[in-house]
Number of protein chains: 2
Amino acid sequence: MKKIDIQSAPLSAGSRYPEPFAAPCQNKVRHRLAAAAGLKQIGVNLLDLAPGAWSSQRHWHSQAEEFVYVVEGEVVLVTEGCEEILRAGDCAAFLPGDPDGHHLQNRSGALARIEVGSANMRNDETTYPDVDLRAAASGYFHKDGTPY
Amino acid sequence: MKKIDIQSAPLSAGSRYPEPFAAPCQNKVRHRLAAAAGLKQIGVNLLDLAPGAWSSQRHWHSQAEEFVYVVEGEVVLVTEGCEEILRAGDCAAFLPGDPDGHHLQNRSGALARIEVGSANMRNDETTYPDVDLRAAASGYFHKDGTPY
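Note that the coordinates shown come from a computational prediction; the quantities given were computed from them, not determined experimentally.

A. Inspection of the interface of chain B and chain A at higher detail. Across the contact, 39 residues belong to chain B and 39 residues belong to chain A. Taken together, both faces of the contact between chain B and chain A bury some 3200 Å²; the carbon and sulfur share is 65%. Considering only the side of chain B, the residues that lose the most area to chain A are K2(B), K3(B) and E65(B), jointly responsible for 22% of the buried surface there. On the surface where chain B and chain A come into contact, there are six salt bridges. Measuring nitrogen to oxygen at the nearest pair gives 3.4 Å for the salt bridge that ties D90(B) to K3(A).

B. Region of the structure containing the sheet that holds strand β4 (residues 60-61) of chain B. All names here are of chain B. Spatially, β4-β11-β12-β13 is the arrangement adopted by the four strands of the open sheet, whose pairing is antiparallel. Each end of this open sheet is capped by a strand with a single partner; those strands are β4 and β13 (139-141). Relative to strand β11 (residues 126-128), β4 is paired through two bridges, and the arrangement is antiparallel. Within β11, the residue paired with H61 across the bridge is T126.

C. Local environment of the packing of aromatic side chains. Residue and element names in this part refer to chain A. Taken as a whole and assessed by the stated rule, the structure comprises six aromatic pairs over all chains. Ring geometry for F21 against Y148: centres 6.2 Å apart, planes inclined by 85°, an arrangement best described as edge-to-face. One end of the pair, F21, is in the loop between β1 (11-13) and β2 (28-32); the other, Y148, is in the segment after β13 (139-141), and 127 residues separate them in sequence. Relative accessible area serves as the criterion here: at 40%, Y148 is assigned to the partly exposed category. The rings of Y17, Y128 and Y140 are connected pair by pair, giving a single aromatic cluster.

Rules used in this analysis
- Residue numbering note: each chain is counted from 1, following its sequence as written.
- Each chain takes a letter, starting from A, and each ligand takes a number, starting from 1, following the order in which they are written.
- Selection of residues for local features in this predicted model requires a pLDDT of at least 70, selection of side-chain atom pairs for listing and counting requires 80 or more, and totals for whole chains, interfaces and linings are taken over all residues.
- The side-chain numbers reported here are obtained from all heavy atoms of the structure, hydrogens and water having been left aside.
- Here a residue-residue contact requires only that any non-hydrogen atoms of the pair lie within 4.5 Å.
- Buried area is understood as the total, over both parts, of accessible area removed when two parts are fitted together, assessed with a 1.4 Å probe.
- A side-chain nitrogen of Lys or Arg and a carboxyl oxygen of Asp or Glu constitute a salt bridge if their distance falls within 4 Å.
- One requirement defines pairing of two strands: DSSP has to find at least two bridges between them.
- Each helix corresponds to a stretch of at least 4 residues labelled H or I by DSSP, and each strand to a stretch of at least 2 residues labelled E; elements are numbered beginning at the N terminus.
- Pairing of aromatic side chains here covers Phe, Tyr and the six-membered ring of Trp, requires ring centres within 6.5 Å, and sorts the geometry by plane angle: under 30 degrees stacked, over 60 edge-to-face, intermediate tilted.
- Think of it in three bands: with a 1.4 Å probe and only protein chains considered, a residue is buried below 20% of the maximum accessible area for its type, exposed above 50%, and partly exposed in between.

Pasting the structure below:
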């Protein structure tokens, strides 16, 4: 039996960002599918974004690769000076070291469900170009290195 | 612009297995999404399985992790002594070193589309419990080590 029971997969709700950065990212739930299955190399989450919610603050990774596939609904993929609509069946990928930060916004009136894949998260550092925030394995920091 | 143009992603059609193992796996097409986007750590393919087609011979990996998410249609996930139906929205994962080999069969009358994610394919060896076949980076071999 290899089928994953999505309903019983571990959940991660909301955002752990320091405020005020968490606020727009609170109305979301991640179904942690890879964790449910015991995968170690690939991260796979099913991300449910409520109307109005953001997937994260706009960011880019130093080491990690990311892939998103829209399963249901519609989101706006925001990058530097660019907005693209992703609908069910659309996908996008984000390369480590590319400073063109990204995030997803659900501006629709309906739930959006996105499959989010990642790899190489070890030793990753995350840069947030729009806000005074940096992330590493040890926590969240101001741009000047002061911890939150 | 980070959205992937699925229609222009590189395609890989059919199977490279030696015959007769290729025959049931020929009627399939992989849209190589990760390759289109330049990802190196994650493999992501959109696999279109025609009615009657198998994703592969039943197999397991020594190093690679695999994750499958059914986007459209219905497939049968076959493992050792077990069959499970996966429909759109269902998913499954396969751990390296687990000798309970797996594959997908499209026994329906309609196309099935599956998103297939993988990681850690380097130095992988693939074991096929049902047939006289082994695979490594250097090619396909009989169980006794003789190359095909």
